[in-house]
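# Examining the three-dimensional arrangement
Each chain is listed here by its residues.
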Amino acid sequence: MAQDVALGVADGALAFVTVAVGDLRLALPLVAVRAVIRLPELVRIPLGPPSLDGLAQWHGEAVPVLDLAKALGRGDGAVATRETRVVLVGHRGQPVGLRVDAMAGILRSDPDRIDPVTQEEGGLDPAMLDGVVRDGPVTILKLDALIDRQFGDRTEAERTDRGSGGFGRAAAGEAGTGKAAAGPDRQALLVFEVAGQEFALPVDRVREVLPAPREVARMARAKAHLLGVMAVRDRLLPLVGLRALFGLEDAGGQGAGRRVVVVRSGAGEAPVGVLVDEVREILRLDPALIDPVPPLLAREPEFEDLDGIARADGGRRLVSVLSAERLFRHGAAIGAEAGGEGNGMEPAQPAEGSGNMERFVVFRLAGAEYGLPVSAVREVLRRPDSITPLPNAPDFVAGVLTLRGEVLPLIDQRRLLNLPAAAASLSAGLERGRVVVVGRDGLLVGLLVDGLSGLLTVPAERIGPAPAVSAAQRRLIRRVATLDAARDVAGGTRLILLMDADSLLDMDRLADLLVTPQ
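Quick look at the structure, then. Just so you know, these numbers come straight off a predicted model, no measurement behind them.

### Overview of the overall build of the chain
The helix and strand inventory of the chain stands at twelve helices and 34 strands. By residue count, 53% of the 518 residues in the chain fall in the buried class. Once local pairs closer than 6 in sequence are excluded, the contacts in the chain between residues at least 24 apart make up 65%.

Spelled out as structure tokens, the structure:
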């Protein structure tokens, strides 16, 4: 029953969808049911009630899914089986999913065959029940009362600006430059690793970062570094391999966890993808620290693809800065091999919507992906080996860090969002953790996260308000980007939880918010 349902009363009879939850048989008014679907892939949303399983994507919307057993106080919920279903219902203009053990069927009953609830029915709170159908017998749930009890008072949600807030408003215009947060005197670089060596591209030339494809369509007689094309949202993206391009070892392998950095096109140019091993960080450097390739090396063919060499960490690290223009030429060469017109990327239909685009820095945390506007992020650093504690600080402040003479508090995002602590294996590998530095008007805050996914460009129509599940969540996570799965790209559906940078910088309000009962 995956189709939408628009049916309630027929010939005076009331219609219900009946479901099983443990030993209970429950009835949901059919007029409120939009669809019944198999259990989808879920993305956990923090600061929600215990009954919230996560967010699912349905018809382009991010839908909160409640475990109905937990919502009813019937234990921790059952393990999912082939019979597990999610009943999608409408609640105050927003779809909400209810996870049940099985769908029993559809029941119709005359109103005079429905008895009122006068006491606890099956151990359930009578305030969440609308009656008992004698013909079942099944208990009718009062959906609005049940869901409101899980998500709390909506007054705060109505007051909260569902737009993007201070940083978000700047994101659409300023994020394209990648310089809004740090001023025009610093060059923002996205740093990634290939075969143990570090390379970079200017942030304003990076369109997005995608999971590596499962398969690449190779072109006959193409050079080794011209890997072929991959399908991304109904377009063909040419793919360049840096291992083969620079003669690095293991040129043919494609390990799990690799990423494709999509380079933004210039005038009349089409995007091109660069296959990398890992996205490391975002650095903002004084342009004086980016040196041209030495003339002796610049004459060699293998150095034609470099625009310069950046000196990071006081010159202790050398990062090769790639030339976007050269990468576009490689993409055009793949297009020519494919028999196209040399533009490197042939659209089957427009890849993006007609509205404005917003760009986000995306990071990983407890198995989910979160985003902040590029205009709010100053840089992304490796997590330090040691953190200086800050006495009498809120629990979610892990300590402080000195960054080029500025002291910034470090917020442990797992504690802030009430997520489980990192596993011992992850905690031991601090080099994989990152610090996302958020700044505005002289204020700086570092966010401790599990890892950096990269940059993402999202059409405005793919961004909507996040489902409101608690007061703290409504303040910190106001929007969600809902993205369709890209064909032949590992990772499936992507839901990106978009955090509000202004709220993260208001430390006093943040502390007050998180001690308020959810």
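### Regarding unusual backbone geometry
Non-glycine residue Leu-47 carries a positive phi angle of around 60°. Topologically, Leu-47 is positioned in the loop between strand S4 (33–38) and strand S5 (52–58).

### Thoughts on the packing of aromatic side chains
Enumeration over the complete set of coordinates arrives at two aromatic pairs. Ring centres of Phe-363 and Tyr-370 lie 5.9 Å apart, and the angle between their planes is 10°; on these two criteria the pair is classed as stacked. Like Phe-363, the residue Tyr-370 is buried in the burial classification.

### A look at the sheet that holds strand S18 (residues 259–263)
Across the sheet, five strands lie side by side as S15-S18-S19-S17-S16; this open sheet has mixed pairing. Two strands lie at the open edges of the sheet, namely strand S15 (206–211) and strand S16 (226–232), each paired on one side alone. Neighbour-to-neighbour, the strand axes of the sheet open up by a mean angle of 30°, direction not taken into account. In the sheet, strand S17 (residues 235–241) pairs with strand S19 (residues 272–276) via three bridges, with the strands oriented parallel. Directly across from Leu-239, in S19, lies its bridge partner Gly-273.

### Examining the environment of Pro-389
Mapped onto the elements, Pro-389 comes out in the loop between strand S26 (377–382) and strand S27 (397–403). Other than its neighbours up to four places away in sequence, Pro-389 contacts Ala-398 and Gly-399.

### Concerning the layout of surface pockets
Empty pockets left among the atoms are what a rolling probe the size of a water molecule brings to light. By volume, the largest pocket is sized at about 450 Å³. Mapped onto the lining of the largest pocket, the elements with two or more residues apiece are strand S20 (278–285), strand S22 (306–312), S26 and S27. In terms of residues, the lining of the largest pocket owes the most to one element, S20, which gives four residues.

### Examining the pattern of salt bridges
Using the criterion set out here, one finds 27 salt bridges in the structure. When the shortest N-O distance is used, the salt bridge between Arg-205 and Glu-325 registers 3.1 Å. Linking Arg-205 in the loop between strand S14 (197–202) and S15 with Glu-325 in helix H7 (residues 324–337), this pair joins segments that are 120 residues apart in sequence. Residue classification places Glu-325 among the partly exposed positions, given a relative accessible area of 38%. With a shortest N-O distance of 2.6 Å, Asp-277 and Arg-243 are connected by a salt bridge. Here Asp-277, found in the loop between S19 and S20, pairs with Arg-243, found in helix H5 (residues 242–245); they are 34 residues apart in sequence, far enough to count as distant. For the pair shown, Asp-277 and Arg-243 are each scored as buried. Put simply, Glu-198, Glu-281, Asp-313, Arg-317 and Arg-382 are held in one network by salt bridges that share partners.

### Points about the nonpolar core
By size, the foremost hydrophobic cluster in this structure holds 99 residues, and its most contacted members are Leu-190, Phe-192, Leu-242, Tyr-370 and Leu-372. Contact partners of Phe-192, with chain neighbours within four places excluded, come to Gln-197, Glu-198, Phe-199, Ala-200, Leu-201, Leu-242, Val-261, Val-276, Glu-278, Val-279, Arg-280 and Leu-322. Of all hydrophobic cores here, the second largest spans 18 residues; its members include Ala-312, Leu-381, Leu-408 and Leu-444.

### Some thoughts on the sheet that holds strand S24 (residues 357–365)
On the basis of which strands lie adjacent, the open sheet formed by six strands has the order S31-S24-S25-S34-S33-S32 and mixed pairing. On the outer flanks of this sheet lie strand S31 (451–459) and strand S32 (463–465), each paired with one strand and no other. Between one strand axis and the next, the sheet turns through 35° on average, direction left out of account. Note that S32 and strand S33 (residues 477–483) share three bridges and pair antiparallel.

Reading the values: the criteria
Residues numbered from 1 in each chain as written. Predicted model: local features only at pLDDT ≥ 70, side-chain atom pairs only at ≥ 80, totals over all residues. Heavy atoms only, no water. Helix = DSSP H or I, 4+ residues; strand = E, 2+ residues; numbered from the N terminus. Buried < 20%, exposed > 50% of the residue type's maximum accessible area, 1.4 Å probe, protein only. Contact = heavy atoms within 4.5 Å. Phe/Tyr/Trp six-rings, centres within 6.5 Å; stacked < 30°, edge-to-face > 60°. Pairing = 2+ DSSP bridges. Axes fitted to C-alpha atoms, helices over the stretch in contact; angles between N-to-C directions. 1 Å grid on protein atoms, 1.4 Å probe; cavity = no way out; pocket = protein on both sides within 12 Å on 5 of 7 lines; lining within 4 Å. Points joined across faces, edges and corners; volume = space filled by probe spheres on them. Salt bridge = Lys/Arg side-chain N within 4 Å of Asp/Glu carboxyl O. Core = buried A, V, L, I, M, F, W, Y, C linked by side-chain atoms within 4.5 Å.

Shape descriptors only; they carry no functional weight alone.
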